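# Summary of the model geometry
One letter stands for each residue in the lines below.
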Amino acid sequence: MNTKSRIRKNPALERILYKIRDPATGREEFRSCLERIGEYIGVEISLELEQERKRITTSLGKETEHFLLKESPVLIGVLRAGLPLYYGMQKAFPESESGFIGTMRDEKTLKSHISYCALPDIEGKTVILIDTMLATGGSMIEIAEMLKEKNPRAIITASVIASRQGIERMRTYDSSLRIYSAVIDPILNDKGYIVPGLGDAGDRCYGEKK
Ligand code: PRP
Ligand code: URA
């Protein structure tokens, strides 16, 4: 199965990535940048999904054809920081069913645990797991493990910034996962933060968590 870990560079996307790296970018703009990145990633992922030819007759009585997705993937947004990215991806897949999962990473052990889960039926379906940051990879793996029990056809992950180490860990965990990230950063520090990164994505979106 195809394993891709970065979406194609383009100057419009680079400009948005530059903005989210900037600590001076405020909450509203930060969230809106994540949404726009979600649309880019969604379009990139859609190119890999199965399409079917659909014919349409216009009001001029002429037929033409377009290639549409055969099936919409199920979108799964990870709270908190994954929410704006999820909203952006929903624009690329407006017909998709959605699920939501809450995870929390223990700041000392860096282990994450699932505290909330609301999912549609995913058996036999392609799911896209959406979380803004992929740091150690622990959260994505914890969720993927739980999703696999429900027999999806394929799991695709979407993030804005991933650490190189996190991606390696995900590939070792399961080489069939299709991993998409707008950027891959080289360092994961001893506090589990991606470097250069952008800081705490949840806090940047919604304010500091106490
Ligand atoms: C952050 C981020 C991911 C997770 C990634 O969530 O949004 O969910 O850490 O880290 P990992 O790859 O090492 O597991 P956090 O627990 O800080 O919660 P938040 O989104 O509510 O801020
Ligand atoms: N979660 C974040 O929000 N930022 C990081 O750098 C790592 C995990």
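Bear in mind the structure is a predicted one, so any value in this text is a computation, not a measurement.

Membership of the largest hydrophobic core comes to 35 residues, with the highest contact counts inside it found for Ile-20, Ile-37, Ile-41, Ile-45 and Ile-128. Breaking this core down by element, the ones donating at least two residues are α1 (11-21), α2 (27-46), α3 (82-92), β6 (126-130), β8 (154-163), β9 (178-185) and α6 (201-206). Here this core gets six residues from one element, more than from any other, and that element is α2. Non-local contacts of Ile-41, meaning those with residues more than four positions away in its chain, are made with Ile-7, Leu-85, Met-89, Ala-158, Ser-159, Tyr-180 and Ala-182. With 20 residues, the next largest nonpolar core counts Val-78, Ala-144, Ile-155 and Leu-177 among its residues.

Turning our attention to the packing of α2 against α3. How two helices pack is summed up by the angle between their axes together with the distance between the axes. Close contact between α2 and α3 brings their axes to 6 Å; oriented N to C, the two are set at 40°. Between α2 and α3, the interaxial angle falls into the category oblique. Between α2 and α3 lies a crossing whose hand is right-handed. Note on element contacts: α3 touches α2 through Pro-84, Leu-85, Tyr-87, Gly-88, Met-89, Lys-91 and Ala-92, opposite Arg-31, Leu-34, Glu-35, Ile-37, Gly-38, Glu-39, Ile-41, Gly-42, Val-43 and Ile-45. By residue class, the composition of the contact of α2 with α3 is 10 nonpolar, three polar and four charged.

Taken together, Arg-105, Met-133, Ala-135, Gly-192, Tyr-193, Ile-194, Gly-199, Asp-200 and Ala-201 make up all the residues around ligand 2. Here Gly-199 contributes a backbone N or O atom positioned 2.9 Å from a nitrogen atom of ligand 2. Between ligand 2 and Ala-201, the relevant distance is 2.7 Å, taken from an oxygen atom to a main-chain nitrogen or oxygen of the residue. Across the complex, the protein chains shield 88% of the 240 Å² of accessible surface that ligand 2 would expose by itself. For the shell around ligand 2, the per-class residue count stands at five nonpolar, two polar and two charged.

What follows deals with the site of ligand 1. As a matter of local geometry, ligand 1 sits amid 15 residues, with Arg-105, Asp-131, Ala-135, Thr-136 and Ser-139 nearest to it. Within the backbone of Gly-137, one N or O atom sits 2.9 Å away from an oxygen atom of ligand 1. Within the complex, 93% of the 500 Å² of free accessible area of ligand 1 lies under protein. When residues of the shell around ligand 1 are traced back to their parent elements, those giving at least two are β4 (98-105), β7 (133-134) and α4 (138-148). Taken together, the residues of the shell around ligand 1 sort by class into five nonpolar, five polar and five charged.

Rules and cut-offs
Each chain has its residues counted from 1, running along the sequence as written. To read the labels, note that chains go from A and ligands from 1, taken in the order they are written. This being a predicted model, a pLDDT of at least 70 is required before a residue's local features are given, and a value of 80 or more before pairs of side-chain atoms are given or counted; all residues contribute to the totals for chains, interfaces and linings. Here the side-chain values reflect all heavy atoms present in the structure, with hydrogen atoms and water set aside. Residues belong to a common nonpolar core when they are buried Ala, Val, Leu, Ile, Met, Phe, Trp, Tyr or Cys residues joined through side-chain atoms within 4.5 Å. Only protein chains enter the accessibility calculation, which uses a 1.4 Å probe; a residue is then buried when its area is under 20% of its type maximum, exposed when over 50%, and partly exposed in between. Working definition: helices are DSSP H or I runs of at least four residues, strands are E runs of at least two. Numbering for both runs from the N terminus. Residue contacts follow a heavy-atom distance rule, with two residues in contact if any of their heavy atoms lie within 4.5 Å. Comment: axis = line fitted to C-alpha atoms, over the contacting stretch for helices; angle = value between 0 and 180 degrees taken between N-to-C directions. Any angle that falls under 35 degrees is termed roughly parallel, while one over 145 is termed roughly antiparallel, one within 65 to 115 roughly perpendicular, and all others oblique. Handedness of a helix crossing follows the sense of rotation of the near helix relative to the far helix, less than a right angle counterclockwise being left-handed and clockwise being right-handed. Three residue categories are used. Nonpolar comprises Ala, Val, Leu, Ile, Met, Phe, Trp, Tyr, Cys and Pro, charged comprises Asp, Glu, Lys and Arg, and polar comprises the others, including Gly. Residues are classed as near a molecule or strand on a simple rule: at least one heavy atom within 4 Å of it. As used in this structure description, the phrase polar contact means that two N or O atoms lie within 3.5 Å; if the pair is within protein, one of them must be able to donate a hydrogen and the other to accept it, and residues adjacent in sequence are counted only when both atoms belong to side chains. All accessible areas in this document rest on Shrake-Rupley with a 1.4 Å probe, and a residue is counted as covered only by the protein chains that are shown.

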